[in-house]
Amino acid sequence: DAMVIQNPRYQVTQFGKPVTLSCSQTLNHNVMYWYQQKSSQAPKLLFHYYDKDFNNEADTPDNFQSRRPNTSFCFLDIRSPGLGDAAMYLCATSRAWAEQFFGPGTRLTVL
Amino acid sequence: DQQVKQNSPSLSVQEGRISILNCDYTNSMFDYFLWYKKYPAEGPTFLISISSIKDKNEDGRFTVFLNKSAKHLSLHIVPSQPGDSAVYFCAASARTGTASKLTFGTGTRLQVTL
């Protein structure tokens, strides 16, 4: 089945220790998105890639970076996680203009 | 400033009855609206969408209504089933550029009781 896969599902890191979250897709969609969702809040778009073109949201902290080495994979790097970065991180994909398909998310805990 | 609002955090409906979930938005540039359903420990799943050129879209038991003048949309589920119990997110998009950037509401938790 075509899908969006996120690894790991649960990630625990220490304050200030860099962490990388992974997303892969078998849908062959050209757009990939990263969202942050904190408890009882709406998912918030951090950035997206249209093919190799990176688009950062204006209010995304510099602490968050992303890489997309090929169509199938996209990574979210948090350079120095703070306690406020604990959240669910959702990856999504779409064809341009179409509805987005989400992965199951990675829950990040910062100790 | 929250551009997409779901003012009811939760809703309880009896099986077989109609569920109505509401959503309001403030940005008049939004031209595409979606509903997502989310079960615990899973990502949101696309349910139904509507373009701003329409006022109604139907897919089986699910119907979305859009009132542009009121900047309001609603999702109707008829008849409601226990498997519909989930969190429902309303999302809106202004399709500029090459991607559909979504702005989400905070969600409404629907519980369908027997």
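Shown above is the structure to which this text applies.
Given the structure is predicted, the values throughout are model-derived calculations rather than measurements. (Residues numbered from 1 in each chain as written. Chains lettered and ligands numbered in written order. Predicted model: local features only at pLDDT ≥ 70, side-chain atom pairs only at ≥ 80, totals over all residues. Heavy atoms only, no water.)

Visitor: Explain the nonpolar core to me, please; I cannot follow it from the model alone.
Guide: Side chains of nonpolar character tend, in soluble globular proteins, to be buried together. All names here are of chain B. Residues F33, W35, L73, L75 and Y88 are the most contacted members of the largest nonpolar core, which totals 23 residues. Looking at this core, the elements with two or more residues in it are β3 (19-25), β4 (32-38), β5 (45-51), β7 (62-67), β8 (72-77), β9 (86-93) and β11 (108-113). With 4 residues, β9 is the single largest residue contributor to this core. (Core = buried A, V, L, I, M, F, W, Y, C linked by side-chain atoms within 4.5 Å. Buried < 20%, exposed > 50% of the residue type's maximum accessible area, 1.4 Å probe, protein only. Helix = DSSP H or I, 4+ residues; strand = E, 2+ residues; numbered from the N terminus.)

Visitor: In this structure, what is going on with the sheet that holds strand β3 (residues 19-25) of chain A? I would like to understand it.
Guide: What holds strands together in a sheet is hydrogen bonding between their backbones, with the strands either parallel or antiparallel. All names here are of chain A. Across the sheet, 4 strands lie side by side as β1-β3-β8-β7; this open sheet has antiparallel pairing. Edge positions in the sheet fall to β1 (4-7) and β7 (64-67), since each of these pairs with one other strand and no more. Averaged over all pairs of adjacent strands, the angle between strand axes in this sheet comes to 20°, irrespective of strand direction. (Pairing = 2+ DSSP bridges. Axes fitted to C-alpha atoms, helices over the stretch in contact; angles between N-to-C directions.)

Visitor: How should the sheet that holds strand β6 (residues 56-59) of chain B be read in this particular structure?
Guide: Residue and element names in this part refer to chain B. Strand order in the open sheet formed by 5 strands is β1-β3-β8-β7-β6, with antiparallel pairing between adjacent strands. In the strand order of this sheet, the two ends are held by β1 (4-5) and β6, each with one partner. Both β7 and β8 contribute to a ladder of 6 bridges, which runs antiparallel. Its bridge partner being in β8, T63 is matched across the sheet by H76.

Visitor: Would you take a moment to explain the interface of chain B and chain A for this structure?
Guide: Frequently, the measure chosen for interface size is the accessible area that the parts lose on association. Contacts between chain B and chain A engage 21 residues on the former and 22 residues on the latter. Of the roughly 1700 Å² buried between chain B and chain A on both sides combined, carbon and sulfur atoms contribute 61%. Linking chain B with chain A are 1 salt bridge, by the criterion used here. A salt bridge links K101(B) to E57(A), with the nearest nitrogen and oxygen atoms 2.9 Å apart. Counting across the chain B and chain A interface gives 3 residue pairs in polar contact (both at pLDDT 80 or more). Looking at the side of chain B that touches chain A, the element that brings in the most residues is β4(B), giving 4 residues. Its residues placed into classes, the side of chain B that touches chain A shows 10 nonpolar, 7 polar and 4 charged. (Contact = heavy atoms within 4.5 Å. Buried area = accessible area lost by both parts, 1.4 Å probe. Salt bridge = Lys/Arg side-chain N within 4 Å of Asp/Glu carboxyl O. Polar contact = N/O pair within 3.5 Å; in protein donor to acceptor, adjacent residues only side chain to side chain. Nonpolar A, V, L, I, M, F, W, Y, C, P; charged D, E, K, R; others polar.)

Visitor: Would you take a moment to explain the pairing of strand β6 (residues 53-56) of chain A for this structure?
Guide: The side chains of a regular strand alternate between the sheet's two faces. Residues and elements named next belong to chain A. Of the pairings in the sheet, the one linking strand β5 (residues 44-50) to β6 comprises 4 bridges and is antiparallel in character. Residue pairing in the sheet places Y50 in a bridge with D53 of β6. In this structure, the hairpin formed by β5 and β6 is closed by a connection of 2 residues, where D51 is found at a positive phi of approximately 55°.

Visitor: What is the right way to read the environment of Y32(B) from this model?
Guide: Locating Y32(B) in the fold gives a position in strand β4. Classification of Y32(B) by relative accessible area gives buried; the value is 9%. Spatially, the C-alpha atoms of Y32(B) and A94(B) are 6.6 Å apart, while their sequence positions differ by 62 residues. Apart from the residues within four sequence positions on either side, Y32(B) is in contact with W97(A), E99(A), S49(B), I50(B), S51(B), A91(B), A92(B), S93(B), R95(B) and S100(B). Among the polar contacts made by the side chain of Y32(B), one reaches the side chain of S49(B) at a distance of 3.1 Å.

Visitor: What am I meant to see in a nonpolar patch on the surface here?
Guide: Residue and element names in this part refer to chain B. A contiguous nonpolar surface patch, about 230 Å² in accessible area, is contributed by I18, I20 and V78. Of note, I18 is situated in the loop between β2 (10-14) and β3. You can call I18 partly exposed: its relative accessible area is 40%. (Patch = residues over 30% accessible without salt bridge, like charges linked within 9 Å, V, L, I, M, F, W, Y side chains within 5 Å. Areas by Shrake-Rupley, 256 points an atom, 1.4 Å probe, with all protein chains shown as cover.)

Visitor: Explanation requested: the packing of aromatic side chains in the structure shown.
Guide: The relation between two aromatic rings is expressed through the spacing of the ring centres and the mutual angle of the planes. Enumeration according to the criterion identifies 14 aromatic pairs over all chains in this entry. Between the aromatic rings of Y35(A) and F104(B), the centroid separation amounts to 5.6 Å while the plane-to-plane angle is 85°, which identifies the pairing as edge-to-face. Taken together, the residues Y35(A) in strand β4 (residues 31-37) and F104(B) in strand β10 (residues 102-104) connect one chain to another. Exposure class is identical for Y35(A) and F104(B). Each is buried. With 6.3 Å between their ring centres and 15° between their planes, F73(A) and F75(A) make a pair best called stacked. Three or more aromatic residues link up through ring pairs in this structure, and these residues are Y33(A), Y35(A), F102(A), Y36(B), F46(B), F89(B) and F104(B). (Phe/Tyr/Trp six-rings, centres within 6.5 Å; stacked < 30°, edge-to-face > 60°.)

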